[in-house]
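Geometric and topological summary
Single-letter residue listing:
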Amino acid sequence: MNSETCLIIGAGQAASQLAFSLRKEGWLGPITLLGAEAEAPYQKPVLSKEFLFSEKTADDIAIKSTGAYEKKAIHVQRHAVVTKIDRAAKQVTLSDGQQLHYDKLAICTGATPRHLTIEGYNKANIFYLNSFIDAQSLRSMISVQQPKKAVIVGGGFIGLEIASSLRKLNIDVTLIETESRILARVSAPEISSYFTALHQQAGVNIILNTKVTAFKGSDTVSGVECDNGAHFDADLVIVGIGVTPNSMLAEEAKLEVNHGIVVDAKGQTSDPDIVAAGDCTVQFHPQSGRHLRIESIQNAVFQAKKAAATLCQKTIPNEETPWFWSDQYQTKLQIAGLSLRYTHTIKRGTNDKFSLWYFDGEQLQAVDCVNNPKDFLFAKKVLTKHLPLDQNKLKAQDTPLEETCQSELEPV
Ligand SMILES: Cc1cc2nc3c(=O)[nH]c(=O)nc-3n(C[C@H](O)[C@H](O)[C@H](O)COP(=O)(O)OP(=O)(O)OC[C@H]3O[C@@H](n4cnc5c(N)ncnc54)[C@H](O)[C@@H]3O)c2cc1C
């Protein structure tokens, strides 16, 4: 292992973590990140949040400083688009024809936004938000053209965070969602109602049960048309309707792929010399009984740590409870666990500071915490240790959280 080369495809959250974790686990050979973008690895969450109304640069949002990579002898090759993995020859090919040998390979290629290919899809001022360049283009369009009316397509986290950022810039916002409520894929109706009211109070026009069918205008978008005949004027459109995993390289290399690169709990793909981590992967989650693709920083970081330990033949870190956060206006939502399967919920707290506990029978599955970091920390511990909770005590609002736990738990 002393002089073996590890190539990492991608230079985002998972790739950066994997490289540093490899060094921590004792990898001595060369490590190279091959990133398609011009920037060194940066934090994506900020792109839909304060980045849009600040003057932050790529350096400001870098995951690590340039010096930190140099210090650990981690080479970051930018503008390096990998086009092929040759598993037999153990080499990758870049778009400029360069061929690079690996002993071990990590795939951390992330995901690509789903595009709407409806009438007028290629007009100017229609944006997707996934990369630094996307966010920079959107920010500079806003600053130069000073749009008045935006339509956001999609009521998931990204659409809602962008709505919040645009309202801060005083742009009128209409948000159009096909489902009967926002956040329908990830949260219970109580959470959807809370965020609907939050956005409506901030002046966002939320339109549900509606599909955008065409972008109108000449070269530049001037409005959107919907399946129910409704029309909304817009000089700016942002589409946030989900992502698809960048698993094509893996598929072409005949690795196991099933709506994402299949990895086991150790980050291993179907090739013992190749690991993968982050948004491009699917992994079996015993709690939900199926393979899941989780798009979150926690998942990218944790899978990268496990993959690095695997490559170094070290002990894999203990399983973590998945967690996620979203910032909208002054509200922070923190989610612990996965609420994919539940029979009922219990709400604790007041209108502006509460937590929603998802149970499958007796089993706690997840907790959504609105402006409530204390409950979030408690929930994470309970979920990680699989501790039983007394649901009656949980329902009684005045019972301190610690007393709802039927096992010994250190204070939060
Ligand atoms: C706007 C936005 C807001 C978000 N907010 C939150 C949040 O609040 N909380 C949260 O937990 N998560 C959030 N996320 C999700 C989180 O950022 C991702 O889950 C995380 O970045 C995934 O890390 P990754 O390394 O798998 O992918 P990425 O960080 O996307 O990195 C993948 C990299 O691989 C590169 N790449 C792809 N193909 C190739 C190739 N063939 N050759 C070379 N390079 C390639 C890409 O250019 C990219 O740089 C947000 C995401 C976005 C876009």
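Calculation rules
- Residues numbered from 1 in each chain as written.
- Predicted model: local features only at pLDDT ≥ 70, side-chain atom pairs only at ≥ 80, totals over all residues.
- Heavy atoms only, no water.
- Pairing = 2+ DSSP bridges.
- Helix = DSSP H or I, 4+ residues; strand = E, 2+ residues; numbered from the N terminus.
- Axes fitted to C-alpha atoms, helices over the stretch in contact; angles between N-to-C directions.
- Contact = heavy atoms within 4.5 Å.
- Near = heavy atom within 4 Å.
- Polar contact = N/O pair within 3.5 Å; in protein donor to acceptor, adjacent residues only side chain to side chain.
- Nonpolar A, V, L, I, M, F, W, Y, C, P; charged D, E, K, R; others polar.
- Domains from an automatic or database assignment.
- Buried < 20%, exposed > 50% of the residue type's maximum accessible area, 1.4 Å probe, protein only.
- UniProt positions renumbered as here; feature names shortened; annotations may be inferred.
- Expected span 1.5 Å × (residues − 1).
- Lys, Arg positive; Asp, Glu negative; His and termini not counted.
- Salt bridge = Lys/Arg side-chain N within 4 Å of Asp/Glu carboxyl O.

Here the focus is the sheet that holds strand S19 (residues 274-276). Within the open sheet, the five strands sit side by side as S3-S2-S1-S7-S19. Their pairing is parallel. If you trace the sheet from one side to the other, it starts and ends with strand S3 (74-77) and S19, each paired once. For this sheet, the mean angle separating the axes of adjacent strands, direction not counted, is 20°. In this structure, strand S1 (residues 6-9) lies alongside strand S7 (residues 104-107), joined through four bridges in parallel fashion. From the neighbouring strand, Ile 8 faces S7, where its bridge partner is Ala 106. The strands touched by helix H1 (residues 13-24) within the sheet are S1, strand S2 (31-34), S3, S7 and S19, with S2 carrying the most contacts at an inclination of about 180°. Those strands touched by helix H7 (residues 297-311) are S1, S7 and S19, and its axis lies near 165° from that of S19.

A word on the site of the ligand. Taken together, the neighbourhood of the ligand is formed by 33 residues, with Ala 14, Glu 37, Lys 44, Lys 49 and Asp 279 sitting nearest. A distance of 2.8 Å is found between an oxygen atom of the ligand and a backbone nitrogen or oxygen belonging to Ala 14. At a separation of 2.5 Å, an oxygen atom of the ligand approaches a polar side-chain atom of Glu 37. Within the residue set of the shell around the ligand, elements represented by two or more residues are H1, H7 and strand S22 (323-328). For the shell around the ligand, a count of residues per class yields 17 nonpolar, eleven polar and five charged. Formed jointly, the shell around the ligand draws a minimum of three residues from each of two domains, domain 1 (6-112 + 243-311) and domain 2 (116-239).

Attention now goes to the sheet that holds strand S14 (residues 221-226). Through backbone hydrogen bonds, the strands of a sheet pair up, either in parallel or in antiparallel fashion. Spatial ordering of the open sheet is given by S13-S14-S15, a layout of three strands whose pairing is antiparallel. Among the strands making up the open sheet, the edge pair consists of strand S13 (212-217) and strand S15 (231-233). In this sheet, adjacent strand axes meet at a mean angle of 25° when their direction is disregarded. Inspection of the sheet shows S13 paired to S14 by five bridges, in the antiparallel sense. What sits directly across from Val 212, in S14, is Cys 226.

Of all five residues in strand S20 (residues 281-285), four are buried, a share of seventy percent or more. Relative to S20, strand S18 (residues 261-263) runs parallel, the two sharing three bridges. Bridge pairing in S20 places Ile 261 opposite Thr 281. Examined bridge by bridge, S20 and strand S21 (residues 290-292) share three bridges and lie antiparallel to one another. Opposite Gln 283, over in S21, you have Leu 292 as the bridge partner. The antiparallel hairpin formed by S20 and S21 contains four residues in its connecting segment, where Gly 289 sits at a positive phi of about 70°.

Burial along S2 is two-sided: the face carrying Ile 31 and Leu 33 and the face carrying Thr 32 and Leu 34 are both buried. Of the strand pairs in this sheet, S1 and S2 are connected by four bridges, and their pairing is parallel. What sits directly across from Leu 7, in S2, is Thr 32. Sheet topology note: the S2/S3 ladder contains four bridges and is parallel. Across the sheet, the residue bridging to Ile 31 is Ile 74, located in S3.

Next up on the list: the UniProt feature "domain: Reductase C-terminal" (unreviewed entry) in the protein chain. Following the UniProt record, one finds the feature "domain: Reductase C-terminal" (unreviewed entry) at residues 323-403. End-to-end, the C-alpha atoms of residues 323-403 are 23 Å apart, and along that stretch the chain is 21% helix and 42% strand.

Our focus in this paragraph is H1. Over its twelve residues, H1 runs 17 Å from end to end, which matches the ideal 16 Å to within 8%, given 1.5 Å per residue. Inspection of H1 places Gln 13, Ala 14, Ala 15, Ser 16, Leu 18, Ala 19, Phe 20, Ser 21, Leu 22 and Arg 23 among the buried residues, and these make up the whole buried set. Just downstream of H1, Gly 26 is the residue with a positive phi angle, here 105°.

On to the side chain of Arg 348, then. The residue Arg 348 is located in strand S24 (residues 344-349) in this model. Lacking a salt bridge, the buried Arg 348 has Asp 375 as its closest oppositely charged neighbour, with an N-O distance of 4.7 Å. Polar contacts involving the side chain of Arg 348 include one to the main-chain carbonyl oxygen of Ala 396, which spans 3.4 Å. With residues near it in sequence (within four places) discarded, Arg 348 still touches Lys 353, Phe 354, Ser 355, Trp 357, Lys 393, Leu 394, Ala 396, Gln 397, Thr 399, Pro 400, Leu 401 and Thr 404.

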